[in-house]
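# Summary of the model geometry
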Amino acid sequence: MPRASIVDSHCHLDFPDFDAERAEIIDRAVAAGVTRMVTICTRLRLLDQVRPIAEAHDPVFFAAGTHPMHVADEPMATVEELVALARHPKMVGIGETGLDYHYTSETKAVQQESLRLHIEAARQTGLPLIIHARAADDDMADILTEEHKAGAYTCVMHCFSSGATLARVALDLGFYLSMSGIATFRKSQELRDIFAAAPLERILTETDSPYLAPTPFRGKRNEPAYTVHTAETGADIFGLSYDAFARATSANFDRLFAKAAAWSHG
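First, a word on scope: everything that follows refers to the structure included in this document.

Criteria and thresholds
- Along each chain, the written sequence defines residue order, and numbers are assigned to residues from 1.
- Per-residue local features are limited, in this predicted model, to residues with pLDDT of at least 70; the limit for side-chain atom pairs, both in listing and counting, is 80 or more; totals at the level of whole chains, interfaces and linings are taken over all residues.
- Excluded from the side-chain calculations are hydrogens and water; all other atoms, namely the structure's heavy atoms, are used.
- Burial classes follow relative accessibility: with a 1.4 Å probe on protein chains only, a residue under 20% of its type's maximum area counts as buried, one over 50% as exposed, and anything between as partly exposed.
- Only runs of H or I of at least four residues qualify as helices and only runs of E of at least two qualify as strands under DSSP, and these elements are numbered from the N terminus.
- Note that the arc is defined by the directions from the helix axis to the C-beta atoms.
- Strands were regarded as paired on the criterion that DSSP finds at least two bridges between them.
- In summary, the pairing rule links any two rings of Phe, Tyr or Trp, Trp by its six-membered ring, whose centres are within 6.5 Å, and it sorts them by plane angle into stacked for under 30 degrees, edge-to-face for over 60 and tilted for everything else.
- Definition used: whenever NZ (Lys) or CZ (Arg) falls within 6 Å of the ring centre and also within 35 degrees of the ring normal, the charge is taken to sit over that ring.
- We call two N or O atoms a polar contact when they sit within 3.5 Å, provided that within protein one can donate a hydrogen and the other can accept it, with sequence-adjacent residues counted only if both atoms are side-chain atoms.
- Residues count as neighbours in contact if any of their non-hydrogen atoms are within 4.5 Å of one another.

Okay, helix H1 (residues 22–32) next. All of the buried residues in H1 are Arg22, Ile25, Ile26 and Ala29. All buried residues of H1 lie within an arc of 100 degrees about the axis, which places them on one face of the element. What points out from H1, more than 90 degrees from its buried face, is the exposed set Asp27 and Ala31. Trailing H1 by a residue or two, Gly33 shows a phi angle of about 105 degrees, which is positive.

This brings us to the pairing of strand E5 (residues 129–134). Burial analysis of E5 places 5 of its 6 residues in the buried class, which makes it a mostly covered element. Sheet analysis places strand E4 (residues 91–100) next to E5, joined by 5 bridges and oriented parallel. Bridging from a neighbouring strand, Asp100 pairs with Arg134 of E5. Here 3 bridges tie E5 to strand E6 (residues 155–157), and the two strands are oriented parallel to one another. Its bridge partner being in E6, Ile131 is matched across the sheet by Met157.

Time to look at the packing of aromatic side chains. For the coordinates displayed, the defined rule picks out 7 aromatic pairs. Their ring planes at 75 degrees and their centres at 5.9 Å tell us that Phe15 and Tyr211 sit as a pair that is edge-to-face. One end of the pair, Phe15, is in the loop between strand E1 (6–11) and H1; the other, Tyr211, is in the loop between strand E8 (203–205) and helix H9 (227–238), and 196 residues separate them in sequence. Assessed through its relative accessible area of 15%, Phe15 is described here as buried. Here Tyr211 falls in the partly exposed class, since its relative accessible area comes to 43%. With a centroid separation of 6.0 Å and 25 degrees between ring planes, the pair formed by Phe238 and Phe245 is classed as stacked. For the pair Phe238 and Phe245, one class covers both residues: buried. The positively charged end of Arg218 is found above the aromatic ring belonging to Phe185, 3.7 Å away from the centroid.

This part takes up the side chain of Ser250. Note that Ser250 resides in helix H10 (residues 242–256). Here the side chain of Ser250 touches Ala246 through a polar contact of 2.8 Å, landing on its backbone oxygen. In this structure Ser250 touches Ser5, Ile6, Val7 and Arg36, once residues within four positions along its chain are discounted.

With an omega of 15 degrees, the peptide bond running from Ser209 to Pro210 counts as cis. On the secondary structure map, Pro210 appears in the loop between E8 and H9. Residues other than glycine seldom take positive phi values, yet Cys159 does so here, at roughly 45 degrees. In this fold, Cys159 is placed in the loop between E6 and helix H7 (164–172). For Cys159, a relative accessible area of 9% corresponds to the buried category.

Here it is, written out as structure tokens:
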């Protein structure tokens, strides 16, 4: 009997790591039970190489925004531009956006400006915001909270690997935490504990491929099919069968990414 299907809520199928076998990788994912994937555009000028992947493959959707590590060398995205892009039937999220002070702390100010523009686009479109946060927990918590008070929006903390305080702030705002291959790493017990303390109905799964391959593929190129290995760890964290965890996180995805759910069901 086949396993329940699962969702890779964040991958980068346009990256050159996949150029030689993109269609085969998508097929492998579906064969493994990963029946939906969201591929993320991290620089708006590259949208023309991201959008066609979603258009060509029924299981694939896309999101678009400017990654915080790129904001200093890319044109600043505008709310109007993001709202216009969101009219595409398979664009299902805004981002990824966020703050990265680990590699690019010198561009804090412009990262924060970009983040606020993306939040406004998420408000106007009703699409979920996709957040990248690294070494910026305090500023991230402050901005997300302040902006939510100014007008509600939905959000997923992609590849969540921050601290327990930011997790609690995000959950208190009604946001979701996405579990990547990092959760499978031997030294990630603190992170597994953060997930275990979160409500199951706020958990998503992802690969962030080609990065962060889960155990047993750590150090190798990641791909959407490997979502199942992260989901196995997730099931253990929550004390569930694989199928129960897959069904729960797929339902969570449908609730947050309602535009993708409407496409897949209609």
